[in-house]
Amino acid sequence: MLRHTRLPGESAEYLAAREELRQAEIDLMRHGERVAALRRTLPPGPPVDDYVFLEGPADLDAGDTPVGEVTLSELFTAPERPLIVYQFMYGKAQTDPCPMCTLWIDGLDGIAHHITRNADLVIAAAADPPTLRQYARDRGWHRLRLLSCGDSTFKYDTGGEDKDGEQDSTVSVFTRDADGTVRHFYSAHPRMADDIKERGIDLLTPVWSALDLTPRGRGDWYPSVHY
């Protein structure tokens with residue numbers, strides 16, 4: 001038995017239950033590694049269109065003009081670097097920014113400088129550039145590259161919205177071949193099955209894992225854009 005504490009008064013019942021839990025946590029970790037390995041060994045995905053996005057100044061506080069166009073292939077900053085696109089539920093039928101997306105993007109902003117040592121990272125939304133950038137200013141998202149999908153079918157093609165403009169939070173990963181071909185590698189959505197509606201991208205935030213450490217767990221807590 002491996003103990004992580006030296007507290008007196010831990011009963012034999014508590015220690016036995018804690019050891020059973022530790023073994024379950026080891027099993028969970030190893031299963032998670034097997035899942036990650038399956039993800040890494042996916043065969044090459046399909047080539048995708050070189051979608052065009054709209055982007056304002058790199059400095060979020062520099063205003064919202066000029067607005068330029070940038071293609072999906074231009075978002076790759078170096079060879080052999082993957083591109084991670086978080087699709088923000090904001091714009092079209094989603095007239096208010098999604099609280100859950102806001103939670104995830106708050107976290108991504110805090111760790112973007114670590115992620116971008118290994119991969120390119122952008123946030124894409126259906127909202128127009130000024131609307132998206134104003135919300136980003138309100139949240140303090142100064143480390144993220146913010147893109148509007150404009151008139152492109154990017155979000156629809158990758159499952160981030162439906163034909164009626166209803167938005168879905170989505171994380172997508174793309175790769176670029178040596179000849180410049182951009183391929184879809186992987187996408188994940190919160191809905192994993194009819195009975196799993198909001199767990200598919202839990203790994204994008206440590207909030208759930210931290211709450212799961214507590215006696216109450218995550219319960220029915222839901223994020224809010226207002227504290």
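Structure: above.
Let me begin by describing the structure that accompanies this report. (Residues numbered from 1 in each chain as written. Predicted model: local features only at pLDDT ≥ 70, side-chain atom pairs only at ≥ 80, totals over all residues. Heavy atoms only, no water.)

## Description of the pattern of salt bridges
According to the stated counting rule, one finds 14 salt bridges in the structure shown. For Asp120, the salt bridge goes to Arg81, with nearest N and O atoms at 3.1 Å. Here Arg81 lies in the loop between strand S2 (68-71) and strand S3 (83-88) and Asp120 lies in strand S4 (residues 120-125), a separation of 39 residues in the sequence. Both residues of the pair, Asp120 and Arg81, belong to the buried class. Connected via shared salt-bridge partners are Arg199, Asp202, Asp212 and Arg218. (Salt bridge = Lys/Arg side-chain N within 4 Å of Asp/Glu carboxyl O. Helix = DSSP H or I, 4+ residues; strand = E, 2+ residues; numbered from the N terminus. Buried < 20%, exposed > 50% of the residue type's maximum accessible area, 1.4 Å probe, protein only.)

## A look at unusual backbone geometry
Here the residue pair Thr65 and Pro66 is connected by a cis peptide bond, since its omega of 0 degrees sits within 30 degrees of zero. For Pro66, the position within the fold is in the loop between strand S1 (52-55) and S2. Positive phi values are uncommon outside glycine, yet Glu80 reaches one of about 65 degrees. A positive phi is found at Lys92, a non-glycine position, where the angle reads about 55 degrees. Among the structural elements, Lys92 can be located in the loop between S3 and helix H2 (99-115). The class for Lys92 is partly exposed, based on a relative accessible area of 46%.

## Focus: the pairing of S1
Burial along S1 is one-sided: Phe53 and Glu55 are buried, while Val52 and Leu54, pointing the other way, are not. Of the pairings in the sheet, the one linking S1 to S2 comprises 4 bridges and is antiparallel in character. For Leu54, the partnering residue across the bridge sits in S2 and is Glu69. (Pairing = 2+ DSSP bridges.)

## Some remarks on the packing of aromatic side chains
In this structure the tally under the stated criterion is 10 aromatic pairs. Relative to Phe174, the ring of Phe154 has its centre 5.8 Å away and its plane inclined at 40 degrees; by these criteria the two rings are tilted. Of this pair, Phe154 sits in helix H4 (residues 154-157) while Phe174 sits in strand S6 (residues 170-176), and the two are 20 residues apart along the sequence. Residue classification places Phe154 among the buried residues on the basis of a relative accessible area of 0%. Of the aromatic side chains, those joined through ring pairs into one cluster are Tyr51, Phe53, Phe154 and Phe174. (Phe/Tyr/Trp six-rings, centres within 6.5 Å; stacked < 30°, edge-to-face > 60°.)

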